[in-house]
Amino acid sequence: MLVNFLARLRGVAIIGGLLFWSMCACADYKLNMPVGVTDTSRDVYDLHMLTFWVCVWIGVVVFGVMFYSMYHHRKSKGAVAAQFHESTTVEIIWTIVPMLILIGMAIPATRTLIAMEDTSKPDLTIKVTGYQWKWGYEYLGEGVQFFSSLSTPREQITDDSVKKDEHYLLEVDNPLVVPINKKIRILTTAADVIHSWWVPDLGWKKDAIPGFVNDSWTLIKEPGIYRGQCAELCGKDHGFMPIVVEAKTQEDYDKWLASKKAKATQVAAADAVDREWTKDELMAKGKEVYGTICTACHQANGEGMPGTFPPLVAGKEFSAAETMLTPLREDGFLSDDNKIIMGSVENHAKIVLHGVPGSAMQAYAEQLSDAEIAAVITYERNSWGNNTGDVVQPSTIKAAR
Amino acid sequence: MSTATHVHEEHHEGPASGLTRWLFTTNHKDIGTLYLLFSLLMFFIGGTMALVIRAELFEPGLQIVEPYFFNQMTTMHALIMIFGAVMPAFVGLANWLLPMMIGAPDMALPRMNNWSFWILPFAFTLLLSTLFMQGGGPAGGWTMYPPLVLQMGAAFPFVIFSVHLMGMSSIMGAINVIATILNMRAPGMNLLKMPLFVWTWLITAFLLIAVMPVLAGAVTMLLTDKFFGTSFFNAAGGGDPVMFQHIFWFFGHPEVYIMILPAFGVVSQIIPTFARKPLFGYSSMVYATASIAFLSFIVWAHHMFTVGMPLGGELFFMYATMLIAVPTGVKVFNWVSTMWKGSMTFETPMLFAIAFVILFTIGGFSGLMLAMTPADFQYQDTYFVVAHFHYVLVPGAVFSIMAAVYYWLPKWTGHMYDEKLGKIHFWLSVIGVNLLFFPMHFLGLAGMPRRIPDYALQFTGFNEIATYGAFLFGFSQLLFVYIVFKTIRGGQKATSQVWEGAEGLEWTLSSPPPYHSFETAPVVK
């Protein structure tokens, strides 16, 4: 009886839940896959619901028979066991019928899949690169590229007394801006480990794999802000690299693109000038770069994490696997008794530019400008009690590349 | 017969005493007990890790653990539960039951049997010790995808070595199962008279021998990539990170069935007993099991639809995966038909077996949904997947193990377990497990990725429910331990038949059975 009752309860809960969902699709308490804002996402949603209802009906029939049997064919009710078994006809029927149902489901699935894989004739191509732990976006042929990282303040994550934003963990500093009603081809790749780029409202996700370029496409019909997350485990901050897509009308998109281009040329021009930077300028810029790029691993106080991410503070002890310590020692950043020491500016630049192979330290040569690298090195060598007094000029980095 | 041989034989009849009995034992029952107790211990260690995960996910924000430690917990939880809890539990059941079911005195290779068990405590001590090493334990997921896995600290070679050890243990166990079943059956027991538990284990053993070396190869390539300068999976050196996923899942998908086929066997023994009616389609059950095993080798890439395969590949793996629904359906229909017009009673093993059929089928439904490639692009790597595989593994494999323990415990110990406590344990477990895993379907569909330590606010409600369910389910298992140990120590004497409707050779032996099951082979008609 209880089994019966509970299963019925679950059935009611599923159906009731779906009804509830359809009544308030905009509520926070989401139960079902979003319908999304593209034709693809709608097709996928329909396929999902088709399979769901097929499963529900098979479940109703199979579990119905089971519960009927459990209720009526019990010994306590005086049921006497029949002894029938083996029937080839029955076996054939319950092999063929599911086959037919499966074929019925495979047809729309195949059609949708073929459409999803057709990335030909895009109006616009955007390259998405996954980094630990942020996304890089590059508008191919437009000369616009930028990074997009989590903008939720750290206190909201670690301190329960701080109120969390409405879009807690789903907000970024620079969203991906795209035009509506344009076929956008999205290339995904990664710089370090495998990530996966996923915005549920677009109807798909695609892995971003180092050394590979995957392509997908989307055509968004409604302006709006669509949020997603990295979907492939990519290390410590996997849960903290959201994606925000802002779909604008063509006109608004053009405006945004123009201003982005103007700003890029401005910054590039300012950085490119071969001039002496003051220490204060470098420290200010360095702090900014450090905050967006380096803190995830080396921490805001430069103390890193034992065993995985080395501290940047001279005198701090770092204990980790030998394979991790050896390159640090070779570059002169670790004493024989495993304390951090400040190696030469030259080696410091080498590590930031080219990374440390086999570790989480990436090569930043492609990601950061001369001025940014010079600034962050200056900042690291003169913060948290480090007082080398070194002022590293962008020209030095340029020469070191 | 001379007196000397007689004394000699007597010496062999009972177990040795003390600790050495367990260390040096070559007896299938002792080794079975060791396997089962070991897996129970691992179940609680892995379960504690799961509770750490659920506690952190109780509400948004980071309260209990750091993200890096959270990742170690998810990774270790999976490795411990798969290789330490579920697989050894089934090997333990095989050890106890195969010789008794086929009318043999013991397993075919008793010394290897001892060795394959005693490797495990070392393998798992090694694995667990990595949590205390520089840089912590493995944190890149149990799937060990490169390049992420290569960022692991000092633990890396130790993890690889412990996986090698587990693989060796499994392969030896599998060889023993095959040798026993093929060589030691009682006269008259031809293959198509074997109990289904024996059949499912025979097929499982072949799967193990086929795929454990593949896993060993994959992790060895990781090892050489890290330490010996090879570039199997490093794109910068001309390698291919996706190739690892192909190799891993070529092992991984049969592995999934390694954990569920013996469960099918258990349930196929229990349902006929309590329905007092023979299994509806014995031979179609055997063929269905064999078909599932075959299909398991050609569906691996459905675990990686989002890596960007060519269309043809995606279509092939979608169709092949959908096909699995057919033999699996045959199994479910057969169980239901066996119940139909039976004369059912609902003792604890039957309750667990029925819950298995229902909840495993729900896991099968979500599996069918996941097979649809375009929809999988949405489901992949979300809590929907977590819900799916936990439904087939917890109320699936784990429930079948519990059903088996309740079913055969009176045979093993000679005592009946406490039926009332058993039923309480069942109801707490079945409510707990559904509270725990059912909301995860909604979380996944609404967009919550798996393996994240913190989440957006709209996911709070269902995560809270899941956490309550986790603690209910977890703590209910202490009751299971109490029931089992209480039964070992004493209780109402069990008859050799134990269950009214039970059939098979094991029920012809006394309860508890003699130390060497069948000294003279019975004749099966």
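Residues numbered from 1 in each chain as written. Chains lettered and ligands numbered in written order. Predicted model: local features only at pLDDT ≥ 70, side-chain atom pairs only at ≥ 80, totals over all residues. Heavy atoms only, no water.

Now for the overall build of chain B. When you go through chain B residue by residue, the secondary structure sums to 17 helices and zero strands. In terms of C-alpha radius of gyration, chain B reaches 23 Å, essentially the compact-globule figure of 24 Å for 525 residues. Along the longest, intermediate and shortest principal axes, the C-alpha atoms of chain B span 75 × 55 × 45 Å. With 525 residues in all, chain B has 69% of them scored as buried. For chain B, restricting intrachain contacts to residue pairs at least 6 apart in sequence, the fraction spanning at least 24 positions comes to 83%. Approximately 16600 Å² of chain B is accessible, and the part contributed by carbon and sulfur atoms is 71%. Across chain B, the centroid of the 20 positively charged side chains sits 10 Å from that of the 23 negatively charged ones. (Helix = DSSP H or I, 4+ residues; strand = E, 2+ residues; numbered from the N terminus. Rg over C-alpha atoms; globule rule 2.2 N^0.38 Å. Buried < 20%, exposed > 50% of the residue type's maximum accessible area, 1.4 Å probe, protein only. Contact = heavy atoms within 4.5 Å. Areas by Shrake-Rupley, 256 points an atom, 1.4 Å probe, with all protein chains shown as cover. Lys, Arg positive; Asp, Glu negative; His and termini not counted. Charge placed at Lys NZ, Arg CZ, Asp CG, Glu CD.)

Our focus in this paragraph is the sheet that holds strand β3 (residues 144-148) of chain A. Residues and elements named next belong to chain A. In spatial order, the strands read β3-β2-β1-β5-β8; together these five strands make up an open sheet with mixed pairing. The open sheet has two free edges, formed respectively by β3 and β8 (214-218), since each of these has just one partner strand. Averaged over all adjacent pairs, the angle separating strand axes in this sheet is 25°, with direction ignored. Sheet analysis places strand β1 (residues 124-131) next to strand β2 (residues 134-139), joined by six bridges and oriented antiparallel. (Pairing = 2+ DSSP bridges. Axes fitted to C-alpha atoms, helices over the stretch in contact; angles between N-to-C directions.)

With an omega of -5°, the peptide bond between Q132 of chain A and W133 of chain A qualifies as cis. In this model, P146 of chain B is joined to P147 of chain B through a cis peptide bond whose omega is 0°. Tracing the sequence through the fold places P147 of chain B in the loop between α5 (110-129) and α6 (156-183).

As a further point, take helix α9 (residues 261-275) of chain B. Residue and element names in this part refer to chain B. Between the first and last C-alpha of α9 there are 21 Å, a value that for 15 residues agrees with the 21 Å anticipated at 1.5 Å per step. Within α9, 15 of the 15 residues are buried, which leaves it mostly tucked inside the rest of the structure. Just downstream of α9, R276 is the residue with a positive phi angle, here 55°. (Expected span 1.5 Å × (residues − 1).)

Low pLDDT means the predicted coordinates in that region are not meant to be read closely. All names here are of chain B. Here chain B averages 94 in pLDDT, while 98% of its residues score no lower than 70. In the predicted structure, residues 1-11 sits below a pLDDT of 50 and forms one contact with residues beyond four places in sequence or in another chain. Model confidence for the complex is summarised by a pTM of 0.89, with the ipTM given as 0.91. (pLDDT = per-residue confidence, 0-100.)

A few words now on the domain arrangement of chain A. Residues and elements named next belong to chain A. Considered domain by domain, chain A is made up of domain 1 (30-69 + 87-118), domain 2 (124-270) and domain 3 (279-400). Just the C-alpha atoms count here: the centres of domain 2 and domain 3 sit 27 Å apart. Between domain 2 and domain 3, the residue contacts involve eight residues of the former and nine residues of the latter. Between domain 2 and domain 3, roughly 770 Å² of surface is buried when both sides are summed, and carbon and sulfur atoms account for 55% of that area. In this assembly, domain 2 and domain 3 are joined by zero salt bridges. Where domain 2 meets domain 3, there are one residue pair in polar contact (both at pLDDT 80 or more). Of the residues in the side of domain 2 that touches domain 3, the class split is three nonpolar, one polar and four charged. (Domains from an automatic or database assignment. Buried area = accessible area lost by both parts, 1.4 Å probe. Salt bridge = Lys/Arg side-chain N within 4 Å of Asp/Glu carboxyl O. Polar contact = N/O pair within 3.5 Å; in protein donor to acceptor, adjacent residues only side chain to side chain. Nonpolar A, V, L, I, M, F, W, Y, C, P; charged D, E, K, R; others polar.)

Turning next to helix α16 (residues 419-446) of chain B. All names here are of chain B. The terminal C-alpha atoms of α16 lie 41 Å apart, and with 28 residues this matches the ideal 40 Å at 1.5 Å per residue to within 8%. If you look at α16, its biggest bend is around 25°, right at L435, and the proline P439 turns up within four residues after that. By the criterion of burial, α16 is predominantly enclosed, with 20 of the 28 residues buried. Directly after α16, the chain includes G447, whose backbone phi takes a positive value near 110°. (Bend = angle between axes of the 7 residues up to and from the residue.)

What follows deals with the environment of T467 of chain B. Residue and element names in this part refer to chain B. Along the chain, the position of T467 falls in helix α17 (residues 460-489). Residue T467 is classed as buried on the basis of its relative accessible area, which comes to 4%. Note: C-alpha distance between T467 and M350 (117 residues apart in sequence) is 28 Å. In contact with T467, other than residues within four places in its own chain, are R54, A55, L57 and F58.

Let's shift gears to the interface of chain A and chain B. Across the contact, 105 residues belong to chain A and 107 residues belong to chain B. Across the chain A to chain B interface the summed buried area is about 9000 Å²; carbon plus sulfur atoms make up 70%. Counting every contact that joins chain A to chain B gives one salt bridge. Among the salt bridges present, the one from K75 of chain A reaches E500 of chain B, with a minimum N-O distance of 2.8 Å. Our count for the chain A to chain B interface comes out at 30 residue pairs in polar contact (both at pLDDT 80 or more). Taken together, the elements giving at least two residues each to the side of chain A that touches chain B come down to α1 (2-23), α2 (39-72), α3 (88-116), α4 (154-158), β7 (204-208) and β9 (224-230) of chain A. For the side of chain A that touches chain B, the class distribution of residues is 58 nonpolar, 28 polar and 19 charged.

Residues and elements named next belong to chain A. Taken in spatial order, the five strands of this open sheet run β4-β10-β9-β6-β7, and their pairing is mixed. Edge positions in the sheet fall to β4 (176-179) and β7, since each has one partner strand and no second. Across the sheet, the mean angle separating the axes of adjacent strands is 25° when strand polarity is ignored. With four bridges joining them, β4 and strand β10 (residues 242-248) adopt parallel strand pairing. Each bridged residue has a counterpart across the sheet, and for V177 the counterpart in β10 is E246.

This brings us to the nonpolar core. With 281 residues, the main nonpolar core has Y139 and W197 of chain A together with F83, F124, W201 and W335 of chain B as its most contacted residues. Here this core takes 24 residues from helix α4 (residues 67-102) of chain B, the largest share from any one element. Residues contacting W201 of chain B, with those up to four places away along its chain left out, are F90, V91, A94, L98, V177, L208 and P262 of chain B. Counting residues in each nonpolar core, the second largest holds 23 residues, with L353, I373, A374 and I377 of chain A among its members. (Core = buried A, V, L, I, M, F, W, Y, C linked by side-chain atoms within 4.5 Å.)

As a further point, take the pattern of salt bridges. Applying the stated rule across the entire model yields 20 salt bridges over all chains. One salt bridge in this structure joins R381 of chain A and D390 of chain A, with 2.7 Å as the shortest N-O distance. The buried category is assigned to R381 of chain A, whose relative accessible area is 3%. Beyond isolated ion pairs, a larger network of salt bridges with shared partners links K75 of chain A together with R276 and E500 of chain B.

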